[in-house]
Amino acid sequence: MAGLMNQRFFLLGVLAFMVIAFDAWAQPKSDASEMLVAETSQFRRTGPYAEVEAMCQTLAKKHPEFVRCLTLGHTAEGRHLVALVVSRTGALTPAQAKRAGIPVVLAIGGTHAGEIDGKDAGLMLIRDMLNKPLAKDPLKHQVFLFVPVFNVDGHERPSPFNRPNQNGPSLQGERVTAQRINLNRDWMLGQTSEMNAMLQFISQWDPLVTLDLHVTDGVRFRHDVSVSMSPMFGADDVLQEVSDKFSVDLIERIQAKGHHPLDFTPVLLDFENPRAGIMRDADAPRFSHVYAVLRNRIGVLVEDHAWDPYAHRVQTSKDVLLAALELVAAQGRQILRAALQADDNTEKMQSEVVALDWRNMLELGLNIPTGQAELLGYEYTTHASAPVVGGRHITYHLDQPVVWTVPVYSDIQPVNEAIVNLPRGGYIIPVGWTSVVLPYLQKHGISHHVLSQPLKNLTLQEFHVDEDSIRFETQTFQGRIRTSLEGEWMPAQMDIPPGSIYVPIRQARALLAAHLLEPVSPDSLSRWGLFNTAYEVTDHISNHRQLQIAQWMFGQDKKIREGYGANLHRKLPDLKREYQTRMDRDDRFREDPEQRMDFWIRQIPYHDPTFNKYPIVRTDRVITLQP
Ligand SMILES: [Zn+2]
């Protein structure tokens, strides 16, 4: 891991920071009217959303050749979701940026509205860069899109108690939207108006780098920021290399600005004893920084340290943003080439093997550290029996900074059950399910075609669900009952009716399509419970009817021939012999009436043929459509 420094460097860093911060406050370079509540209150408070909207308009009016203020959409409560488009390249629309090959960077503040550093940092940075351009102005080399507050409704529900593990500002917004959805788990499902506006914005602008600006949730140490990326979810080697380099260079630049970054958000193995070790999470596509990777782009999760004072955190966020913009100014065109190359490579992913899910090997009980880290921590006491409440708890001694030497567990490997062979042709959504699936293809910009003609007797693959593997989660997540299952794709033949949808694998969004449509991926539509009716028992053969059928079969009754066909009737003598052999030789069979009943009943044609059938099929045939 990068960014581990000794204490002496840390103190030097703090001094360097204080100089920077003092400079920023003592000599404001902006009109008084452009000062934010955060600045005028010495970072004790942050402003209301009206301030964001006003600032967006003011900057667009003052610098019309460099700034646009857009409304992306509306929140659940009807507020405007605004974004600033800032550039000195002359490109202020998606078409202009694309035509000129100019990299686009998107930064999102207030996804969790209480973690609001990014809003004030981004507005200050943009204002300052416009009022007094930097010597090497990064805005000459890119388009910077800034959404100051993503969860606007949450922002407008301030309370001193929304962020109990955070050091200011005095009032903080709420984590979730008006509908209590966590936006940083909503990137794949997109069940909020906020996310749908964002996905549309991303489809239009196609940002090369997305930075999601957050604040940590509680662990106490002295690193002031973590910068996490999950490039392993990508399917392109070159882009993975470029992403890794981006991460290393970004960390270096943040360090050079006097900070103490970590290159992943550490999770403590033992919350009461940090020295036990730290692990890295594998994350999932529902997070912004993984979602970007599925689109062959770069996604960065930035987490300021919650216990740093608000003034320091805003400065940290500002420095991280500037470091990223400087990096894109220097390397953006190269990174963009790699990303576009990855799009081309993704179009050729037919039949390729891809891992759709990853996990830390600790989850499999493999507790071999991958290395060791020196973390800037504090001395602490792990109580065997804590004061007042008893039990095992921790107290940090904030007056005793120390360095923790801790084992690191960062071995992230593919989940075996989620390694799939992509189809050669694509996915087919049968007409009965298109109303469920189509909105997701549309919101994620996935190419698809509605079949106007039937496809007769098409050779395809059906997903055979292993019935024992189906698990409905017992608690809702984002309001949904998530469902996991395993199984495998098996050859089949079927008539596909007109009105069904074909999703070709030959497209730049193939990886995203596979993540939505392969049932085993962590954020597939199946996993999010959209196909739960497929796995729900809705009908049964009543007990007396089952007994009657078993009796007819045992007695070789002609009713079996009449009801179920001559083939089954001809098999009955053999079945009876097999039954009697098992009764003679298999004690467990003989003593289990359920198994004995099942022996007969499973021979008759199944009464609920679509039960436990994954509704989407795949084909290796490349379907060419009539114009
Ligand atoms: Zn957050």
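Residues numbered from 1 in each chain as written. Predicted model: local features only at pLDDT ≥ 70, side-chain atom pairs only at ≥ 80, totals over all residues. Heavy atoms only, no water.

**Remarks on the environment of Phe 264**
Piece 1. You can see Phe 264 is positioned in the loop between strand S7 (261-262) and strand S8 (267-268).
Piece 2. Relative accessible area serves as the criterion here: at 4%, Phe 264 is assigned to the buried category.
Piece 3. It is 29 Å that separates the C-alpha atoms of Phe 264 and Leu 517, two residues lying 253 residues apart in sequence. (Helix = DSSP H or I, 4+ residues; strand = E, 2+ residues; numbered from the N terminus. Buried < 20%, exposed > 50% of the residue type's maximum accessible area, 1.4 Å probe, protein only.)

**Some details on the coordination of the zinc ion**
Piece 1. Ligation of the zinc ion by protein atoms is provided by His 112 (ND1), Glu 115 (OE), Glu 115 (OE) and His 214 (ND1), these donors lying 2.0 to 2.7 Å from the ion.
Piece 2. The motif formed by the donor residues of the zinc ion, counted along the single chain, is H-x2-E-x98-H. In terms of burial, His 112 and Glu 115 fall into one category: buried. (Donors = N, O, S within 2.8 Å, 3.2 Å for Na, K, Ca; no water.)

**As for unusual backbone geometry**
Piece 1. Of the consecutive residues Gly 168 and Pro 169, the connecting peptide bond is found in the cis state with omega at 0 degrees.
Piece 2. With phi around 55 degrees, Gln 42 is a residue other than glycine that occupies positive phi space.
Piece 3. In this structure, Gln 42 sits in the loop between helix H2 (37-40) and helix H3 (49-62).
Piece 4. Residue Gln 42 is classed as partly exposed on the basis of its relative accessible area of 44%.

**A look at the sheet that holds S8**
Piece 1. Pairing is mixed in the open sheet, where 4 strands are placed in the order S8-S9-S14-S13. Looking at strand neighbours, the two that pair on one side only are S8 and strand S13 (371-383), the edges of this open sheet. (Pairing = 2+ DSSP bridges.)

**Section: the confidence of the model for the protein**
Piece 1. Taken over all residues, the pLDDT of the protein has a mean of 93, while the share at 70 or more is 95%.
Piece 2. Per-residue pLDDT stays below 50 along residues 1-29; that stretch engages in 45 contacts with residues further than four places along the chain or on separate chains. (pLDDT = per-residue confidence, 0-100. Contact = heavy atoms within 4.5 Å.)

**Quick notes on the sheet that holds strand S2 (residues 80-86)**
Piece 1. Strands sit in the order S1-S2-S4-S3-S5-S10-S6-S7 across an open sheet of 8 strands; the sheet is mixed. Taken across any chain shown, the strands that pair with only one partner, and hence form the sheet edges, are strand S1 (67-74) and S7.
Piece 2. Summarising the sheet, strand S6 (residues 225-228) and strand S10 (residues 298-304) pair through 4 bridges and their orientation is antiparallel. Pairing of Ser 228 across the sheet is with Leu 301, part of S10.
Piece 3. In the packing of H3 onto the sheet, contacts are made with S1 and S2, and the angle to S2 comes to roughly 35 degrees. (Axes fitted to C-alpha atoms, helices over the stretch in contact; angles between N-to-C directions.)

**Topic: the side chain of His 63**
Piece 1. Within the element layout of this structure, His 63 appears in the loop between H3 and S1.
Piece 2. Judged by its relative accessible area of 9%, His 63 falls in the buried class.
Piece 3. With sequence-adjacent residues up to four places away left out, His 63 is seen in contact with Leu 130 and Asn 131.

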